[in-house]
Amino acid sequence: MRSVIVIAFVLGLAGCALPELDGRPVKAVRASDLAVSEPTVWALDFGDRDLRRMLDEADIAGLDVVAARARTRAADLTLAQIQRNRAPRIDGTAVAQRQETETETTQSVSYTIEGSFEPDLTGRLNAALQAAKLERKAQDIDLLIARRELARAVVEGWIALAEATTTAARANEKVRLAEAVLPAARARAAAGESTSLDVARQVRELTNARVEAAQTSGQIALAKARLRALGVRTIPNTISLRDLRRPSVPAHTDLDAVTNRPSVCAAWLRFHAADASRAETLRSTRPRLVVTGSLAATARTLAGVLSGNAAALSNSVRLEGTFFDDGSARRGVDRARLSVAEAEIAWLQTRARAEIAALEAIVDLQGAEAQLDSSFAGYRLLATDLEQARARRQAGVDAGVTLIEAQSALASAQTEIDTARAAAFRAALRWHDQTGTTINCTIEHLDRI
C-alpha cells in the first residue's frame, strides 16, 4: 500500500511539472493582464479634464508601463522561488523499462522519491531572501518611475499639440495680413513712394508665413501620432493653454526631499540588495549541513511494485562548503564586494543628479515665468502702437499700410507670448517631474508597498 501511494505521488509530480506537454499551445501572458488598474501616479494636469483622461488612458495602455509590470511579475517569481528554497524539497522519479532480445524479454519498474532540507545555520538562505525582497521592492519603484515617465511624455505631447494648434492659427493670421499688405506695397512702389526692395521684402514675408502655416499642420499630425503611440486614444481637437493655470513658483527648493525621490530610493534599495548578495556569497563558502532522505524500489513488473516489493530507505547528512579554497571562493567574495561598492556609487550619483535636476528645474521655471511676463509687457506696448495707428488712419494722416504693419507686429508679439507660455508649461512640467513625488524610503515602510 505504501508503494502505491508513493508511485501515485511521483506520477502526480511528473504531471504537474510538465503542463506544456498536453498537446496544446502555450499561452503567453496578455498585455491586458499586465495593465495597471490603480489610479495614475501623476498629479499635475493643470486642471484640464481632457489631459486627465489622456493620462488615464496612457497609464492603462502604455507599453512601457506594461513592460515594467512584466519585470515586476518576474521579480515576484524569483522571490517565490527563493522562499521555496528555504522549505524542504521533495523530488521523485518513476521509470519503466522493457528490453527484448532473441532469447528473452526483460522488464523492470522502479521509483525513487527523495527529500532534502538545508538548515540555514550560516544565514545563507536568509541573506538570499533579503536580497530578493529588496530587488522586488526596487522593481516596484521602477514600475512607479515608468508610469511617471510615461505620464511626463503624455503631458509633453499635450503641450506640443497645444502649441502646434495655436501656432497654426497665428500662422494663418500672418498669411492673411501679409496678403493684405502686398497689394498696398506694390501700389506705393508704382507711385514712387517706395522701392522694389520693399515689395520684395513683403513677398518674402508672405512666403515665409505660408511655409510656416504648412509646417504647423505637419506638427499637429506629429504631436497626435506621438500621443497615440503612448497609448492615448482620445485626443482633443483644440487645447487652449491660455485658460489654464500653472503651479505657483516655490520660494525655495527642499533638497532633503530628494533622498526620497523614486529613482534615488530604487538605487538605495539596490545598494542594500547588493550588500545582501555579498553576505549570501560569503556565507555560501562556509560549511553547511544538508539532510537527505530517499526511498527507492525496483521490481521486474509493475505488479511486483504494487504488491509491496521491498523498498530501500536511506538517509544522509552532508557537509557542504569550501574547505580548501584555491582562490575561487575568495575571488567570488571580492567580486560581490565590488558590486556593493558599484551599487553605492550608483546610489550617490543618482542622488547628486536628482539634486542638480531639482535646482535646474526651479531655475528654468523662474526664468520661463519671467520671460512670459516680459512677452506680455512687449505685447502691451505694441497694442498701444496699434491704437495710435488706427487713430491716425481714421484721421486720414497715415495710409492703411501703417495700420496693417502695426497689426502684423502685434501678431508677432502674440506668437512670442504663445511660445513663452508653452515654455512656461514645459518648465512647470519639469519642475513637477523632479519634485512632485516622494516616497518614504525606509525598509520598514517599503515592507508595506
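Residues numbered from 1 in each chain as written. Predicted model: local features only at pLDDT ≥ 70, side-chain atom pairs only at ≥ 80, totals over all residues. Heavy atoms only, no water.

1. Here we look at helix α6 (residues 262-284)
Working step 1: Counted at 1.5 Å a residue, the expected span for α6 with its 23 residues is 33 Å, and the 32 Å between its end C-alpha atoms agrees.
Working step 2: The set of residues buried in α6 consists of Pro262, Val264, Cys265, Ala266, Ala267, Trp268, Leu269, Phe271, Ala273, Ala274, Ala276 and Ala279. (Helix = DSSP H or I, 4+ residues; strand = E, 2+ residues; numbered from the N terminus. Expected span 1.5 Å × (residues − 1). Buried < 20%, exposed > 50% of the residue type's maximum accessible area, 1.4 Å probe, protein only.)

2. Some words on the packing of aromatic side chains
Working step 1: By the definition in use, this model includes 4 aromatic pairs.
Working step 2: On the basis of an interplanar angle of 10° and a centroid distance of 5.7 Å, the ring pair of Phe46 and Trp158 is categorised as stacked. Placement of the pair is Phe46 in the loop between α1 (2-17) and α2 (49-61) and Trp158 in helix α4 (residues 124-190), with a sequence separation of 112 residues.
Working step 3: The exposure class assigned to Trp158 is buried, which follows from its relative accessible area of 0%.
Working step 4: For the ring pair Phe271 and Trp347, a centre distance of 5.7 Å and an interplane angle of 5° mean the geometry is stacked. In this pair, Phe271 sits in helix α6 while Trp347 sits in helix α8 (residues 328-395), placing the two residues 76 residues apart along the sequence.
Working step 5: One aromatic cluster in this structure is built from Phe46, Trp158 and Phe425.
Working step 6: One residue, Arg351, lies across the ring of Trp347, its end atom 5.2 Å from the ring centre. (Phe/Tyr/Trp six-rings, centres within 6.5 Å; stacked < 30°, edge-to-face > 60°. Lys NZ or Arg CZ within 6 Å of the ring centre and 35° of its normal.)

3. Notes on helix α3 (residues 63-85)
Working step 1: Its 23 residues give α3 an end-to-end C-alpha distance of 33 Å, which sits within 8% of 33 Å, the value for a rise of 1.5 Å per residue.
Working step 2: Of all the positions in α3, only Val65, Val66, Ala68, Arg69, Thr72, Ala75, Leu79 and Ile82 are classed as buried.

4. Notes on the nonpolar core
Working step 1: Counting residues in hydrophobic clusters, the biggest one holds 44 residues, and the most contacted among them are Phe46, Val154, Val155, Trp158 and Leu241.
Working step 2: At the level of secondary structure, the elements contributing two or more residues to this core comprise α2, α3, α4, α5 (196-229), α8 and α9 (400-435).
Working step 3: Looking at this core element by element, the count peaks at 12 residues for α4.
Working step 4: Residue contacts for Leu241: discarding those within four places in its chain leaves Trp158, Ala162, Arg421, Ala422 and Phe425.
Working step 5: Core analysis: the next-biggest nonpolar cluster, separate from the first, contains 22 residues, Leu134, Val264, Trp268 and Cys441 among them. (Core = buried A, V, L, I, M, F, W, Y, C linked by side-chain atoms within 4.5 Å. Contact = heavy atoms within 4.5 Å.)

5. Examining a nonpolar patch on the surface
Working step 1: Taken together, the side chains of Phe117, Leu121, Leu289, Val291, Val317, Leu319, Phe323 and Phe324 define a hydrophobic patch exposed on the protein surface, amounting to about 830 Å² of accessible area.
Working step 2: Topologically, Phe117 is positioned in strand β2 (residues 105-117).
Working step 3: Its relative accessible area of 34% is what places Phe117 among the partly exposed residues. (Patch = residues over 30% accessible without salt bridge, like charges linked within 9 Å, V, L, I, M, F, W, Y side chains within 5 Å. Areas by Shrake-Rupley, 256 points an atom, 1.4 Å probe, with all protein chains shown as cover. Salt bridge = Lys/Arg side-chain N within 4 Å of Asp/Glu carboxyl O.)

6. Looking at the side chain of Thr292
Working step 1: In this structure, Thr292 sits in strand β3 (residues 288-299).
Working step 2: For Thr292, a relative accessible area of 9% translates into the label buried.
Working step 3: Excluding anything up to four places from it in sequence, Thr292 contacts Glu114, Gly115, Ser116, Ser314, Asn315, Ser316 and Arg318.

7. Digging into the environment of Pro250
Working step 1: Tracing the sequence through the fold places Pro250 in the loop between α5 and α6.
Working step 2: Along the sequence, Pro250 and Ile362 sit 112 residues apart, while their C-alpha atoms lie 7.9 Å from each other.
Working step 3: Other than its neighbours up to four places away in sequence, Pro250 contacts Ile362, Leu365, Gln366 and Trp431.

8. Section: the side chain of Arg261
Working step 1: Tracing the backbone through its elements, the reader meets Arg261 in the loop between α5 and α6.
Working step 2: Here Arg261 sits buried without a salt bridge, and the closest side chain of opposite charge, Asp433, lies 5.0 Å off (N-O distance).
Working step 3: Not counting the four nearest positions on each side in its chain, Arg261 is found in contact with Arg148, Asp433, Gln434, Thr435, Gly436, Thr437 and Thr438. (Lys, Arg positive; Asp, Glu negative; His and termini not counted.)

9. Observations regarding the confidence of the model for the protein
Working step 1: Confidence along the protein averages 79 in pLDDT terms, with 84% of residues attaining 70 or more.
Working step 2: This model gives residues 1-7 a pLDDT under 50, and the stretch forms 12 contacts once residues within four places in sequence are excluded.
Working step 3: Predicted confidence for residues 13-23 stays below pLDDT 50, and this span has 3 contacts to residues more than four positions away or in other chains. (pLDDT = per-residue confidence, 0-100.)

10. Some thoughts on empty space enclosed by the protein
Working step 1: In the structure shown here, the tally under the stated rule is 1 cavity of 30 Å³ or more.
Working step 2: Empty space within the largest cavity amounts to approximately 30 Å³.
Working step 3: Lining the largest cavity, in full, are Thr40, Leu55, Ala58, Asp59, Arg147, Leu150, Ala151 and Val154.
Working step 4: Class assignment of the residues belonging to the lining of the largest cavity gives a composition of 5 nonpolar, 1 polar and 2 charged. (1 Å grid on protein atoms, 1.4 Å probe; cavity = no way out; pocket = protein on both sides within 12 Å on 5 of 7 lines; lining within 4 Å. Points joined across faces, edges and corners; volume = space filled by probe spheres on them. Nonpolar A, V, L, I, M, F, W, Y, C, P; charged D, E, K, R; others polar.)

11. Some remarks on the environment of Gly123
Working step 1: In this fold, Gly123 is placed in the loop between β2 and α4.
Working step 2: Here the alpha-carbon distance between Gly123 and Ala279, two residues 156 residues apart in the chain, equals 8.6 Å.

12. Some points on the pattern of salt bridges
Working step 1: Using the criterion set out here, one finds 20 salt bridges in the structure.
Working step 2: Glu360 is the partner of Arg430 in a salt bridge, and the nearest nitrogen-oxygen pair spans 2.9 Å. With Arg430 in helix α9 and Glu360 in helix α8, this residue pair connects regions lying 70 residues apart in the sequence.
Working step 3: Note on Glu360: relative accessible area 39%, which makes it partly exposed.
Working step 4: For Arg430, the salt bridge goes to Asp364, with nearest N and O atoms at 2.4 Å. Linking Arg430 in helix α9 with Asp364 in helix α8, this pair joins segments that are 66 residues apart in sequence.
Working step 5: One salt-bridge network, in which partners are shared between bridges, spans Arg148, Arg152, Glu156 and Asp433.

13. Examining the layout of surface pockets
Gaps left between atoms show up when a probe the size of a water molecule is rolled over them.
Working step 1: In this model, the largest pocket occupies a volume close to 350 Å³.
Working step 2: Surrounding the largest pocket, 16 residues form its lining, Asn85, Ala87, Arg89, Ser116 and Glu118 being those nearest its centre.
Working step 3: For the lining of the largest pocket, the secondary-structure elements that each account for two or more residues are α3, β1 (89-100), β2, β3 and β4 (312-320).
Working step 4: Along the lines of polarity and charge, the residues of the lining of the largest pocket split into 3 nonpolar, 3 polar and 10 charged.

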